[in-house]
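Here's the letter readout for the chains.
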Amino acid sequence: MTPATKLKATEERLEEIRKSAGETSRPADSLQPLASPENAKPESYYGLPALKPPTWTWEVPLYFFLGGIAGMSACTGFIAQLFHGGSALIRFCLWTGLVGAALCPLLLISDLGRPMRFLNMLRVFKLRSAMSMGAWILVAFSNCVFLAVVCFELLLRGFTNPMLIGLLWLGEASAALTGLLLAGYTGVLVGATAIPVWSENRTLLPAHFLTSGFGGAAAILELAGFLIPATQILGFAASGIETLIEILLQVRKRPVDSPLHHGRSGRALLIAGLLEGPAALLLRVFFGSDPTGRHVVAAVFLIGSLLSRYAWIWAGRASARDPGALFQLQHKS
Amino acid sequence: MAVSAFLTDATLCIGCKACEVACKEWNEVPEDGLVLSGFSYDNTKALGASTWRHVMFLEQPEVAGPQMADTEDPFRWVFLSDVCKHCANAGCLEACPTGAIVRTEVASVFVQPDVCNGCGYCVVSCPFGVIDKRPEDGRAFKCTFCYDRQKAGLIPACAKACPTQSIRFGDLEELHERGERRVQELRDRGYDDARIYDPRETSVGGIHAFFVILGEPEAYNLPPAPDVPTVYLKSAWTSALVSAAVIVVLICIAFAFQSGGTF
């Protein structure tokens, strides 16, 4: 068929659909009635979701978790460098950042519907898209932390050179900065969406993810044997802030937060919050002086932190499926 | 710039689903299951990656309108063909990190299938729950506003196939006027709850596929006051930066009393 005859055929087909629809359908009041819709909620369309639930797979919450640890490890390493925190610790922090930076893109790429097109993420630079910013932040972080690790390893092997030291500082400082962004932007990514339980917690989420990130970085250090006062202080700080967040969530019972309290997401978030917050805090108070105790606390915090990322994604799914909560929220504003 | 628009009128729709069929055929959209929902004659249920027109069947308690009177519980039967709204400020377009979603020369919102990498961020950024990822394909899909047909000077397939002109296609300004006139006409005829659904007062800034409906928008799962999610960016980033600053201070304090030597 030539394009012209093909077009004629398709247009005739649309004509045919229109005619047959007009012939077979009749005005409403001539049709036989159906049963009254008892399951219909008047405040929504049969209670069906008005939003689409997130399509993200298991890789994404794991990425949030690892990205947070990697970013905050690099940041911790740089601050340790500033305060002469010991080269073994700095080296470990930088390597944690680098390993994280290597794993994160793999997780993100395997979540894509078209993994071969992952480089399309770098076609544009869009300040108004947290996903675009995240892609660039991850690329920047990976490069900075790689530079820092290379410089550090060369210096360790005796290549003393003022330029190298300068590059190390540059790499570390920029890795710290982009690391903070990497740990924090995920909260913005989730918060700046149409999903009510996420957008209504858009100021809480970055704070929570960052806290989870630096607490996780400190916990990894403790598990690696850095049972120093600094990791102890950071452990106390992280679980203390997480306890405050947990109290806030429990006290502030808004209808939009229902997925944070009920169902699978609610249960998971409660367990996660208790592990990261009060459990980790109390365990550290009572067993923080004991090396084994500190390992246990660190593990408890990490488990809570990981579970929390999953719980927030599950909460988003539940929130998207609740048209009533969405409409109620929009009526208030 | 000429702005293409749809005016979809619930009071003219007869629920024939010709628009659904025409859309699927013209755009070669895959079938997405044959399941009886039990919700009146609506077995499509919602817009999605493979449903770009969706005819709703509302059964409302007795109010002015096309009545199902000879039944135990009389109700008004209302139909509406839902579609992508082609927002003036589109959440999906703002969120897309690849630039796959673009604004076309007719001001519609178009997903370039050769660019989309299926990240899924548009899915959670649409305040109307329209765009979705097609699992077997991996990319996100939604109504194209028959961009290909418009380029060839043809009207979208759904509008062409509509037997009652419930779906009107044309210039946005003209259709705005037509919509206003239609609502006035309906009100004069006693349809007191006839109204236009077009959230122009919100951050979405109006939609290019707007509706004449009877009753509250929520009954059609149309959000009463949708927001484009970019309005949340400022407070979220502020929180991130403030938290980051506090945490940097905390880490500094933690290491201030630590001394182990370095380069």
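Here goes a summary of the coordinates provided. Keep in mind that what you see is a predicted model, and the values were worked out from it rather than measured.

## Considering the overall build of chain A
Then, number 1: For chain A, the count of helices and strands is 12 helices and 0 strands.
Then, number 2: Reading chain A from its N terminus to its C terminus gives the helix and strand order α-α-α-α-α-α-α-α-α-α-α-α.
Then, number 3: Expected size for 333 residues packed as a compact globule is a radius of gyration near 20 Å; at 26 Å, chain A overshoots this value by more than 25%.
Then, number 4: If one aligns the C-alpha atoms of chain A with their principal axes, the spans along those axes are about 90 × 55 × 30 Å.

## Some thoughts on the interface of chain B and chain A
Think of interface size as the accessible area that goes away when the parts come together; that is how it is often given.
Then, number 1: Between chain B and chain A, the contact holds 83 residues from the first and 89 residues from the second.
Then, number 2: Ranked by the residues each element gives to the side of chain B that touches chain A, the list is headed by helix 7 (residues 233–256) of chain B, at 16 residues.
Then, number 3: Across the side of chain B that touches chain A, the residue classes break down as 49 nonpolar, 23 polar and 11 charged.

## Quick look at the sheet that holds strand 3 (residues 67–68) of chain B
Whenever strands of a sheet pair, they do so through backbone hydrogen bonds, lying parallel or antiparallel.
Residues and elements named next belong to chain B.
Then, number 1: With antiparallel pairing, the 3 strands of this open sheet are ordered in space as 2-4-3. Two strands bound the open sheet, and with one partner strand each, they are strand 2 (53–61) and strand 3.
Then, number 2: The sheet contact formed by strand 3 and strand 4 (residues 75–83) spans 2 bridges and is antiparallel. Each bridged residue has a counterpart across the sheet, and for methionine 68 the counterpart in strand 4 is phenylalanine 75.
Then, number 3: The strands touched by helix 1 (residues 18–27) are strand 2 and strand 4; relative to strand 2, the strand with the most contacts, the crossing angle is about 165°.

## Some thoughts on the environment of threonine 211 of chain A
Residues and elements named next belong to chain A.
Then, number 1: Of note, threonine 211 is situated in helix 7 (residues 204–223).
Then, number 2: For threonine 211, a count of 28 C-beta atoms within 10 Å gives the class buried.
Then, number 3: Remark: the alpha-carbon pair of threonine 211 and serine 305, spanning 94 residues in sequence, is separated by 9.4 Å.
Then, number 4: Other than its neighbours up to four places away in sequence, threonine 211 contacts Ala238, Ile241 and Glu242.

## A look at helix 11 (residues 291–320) of chain A
Then, number 1: Given a rise of 1.5 Å per residue, 30 residues ought to cover 44 Å, and the 44 Å separating the end C-alpha atoms of helix 11 of chain A matches this to within 8%.
Then, number 2: Judged by how many residues are buried, helix 11 of chain A sits mostly within the fold: 21 of 30 residues are covered.

## Considering the sheet that holds strand 9 (residues 167–171) of chain B
Residue and element names in this part refer to chain B.
Then, number 1: In spatial order, the strands read 9-1-11-10; together these 4 strands make up an open sheet with mixed pairing. Bordering the open sheet on either side are strand 9 and strand 10 (194–197), each of which pairs with just one other strand. On average, each strand axis in the sheet is inclined to that of its neighbour by 20°, with strand direction left out of account.
Then, number 2: Sheet topology note: the strand 1 (residues 4–9)/strand 11 (residues 209–214) ladder contains 4 bridges and is parallel. Directly across from threonine 8, in strand 11, lies its bridge partner phenylalanine 211.
Then, number 3: Of the strands in this sheet, strand 1, strand 9, strand 10 and strand 11 are in contact with helix 6 (residues 172–188), which crosses strand 9 at around 140°.

Scoring rules and cut-offs
- Residues numbered from 1 in each chain as written.
- Chains lettered and ligands numbered in written order.
- Predicted model: local features only at pLDDT ≥ 70, side-chain atom pairs only at ≥ 80, totals over all residues.
- Helix = DSSP H or I, 4+ residues; strand = E, 2+ residues; numbered from the N terminus.
- Rg over C-alpha atoms; globule rule 2.2 N^0.38 Å.
- Contact = placed C-beta atoms within 7 Å.
- Nonpolar A, V, L, I, M, F, W, Y, C, P; charged D, E, K, R; others polar.
- Pairing = 2+ DSSP bridges.
- Axes fitted to C-alpha atoms, helices over the stretch in contact; angles between N-to-C directions.
- Buried ≥ 20, exposed ≤ 12 C-beta atoms within 10 Å, placed from the backbone.
- Expected span 1.5 Å × (residues − 1).

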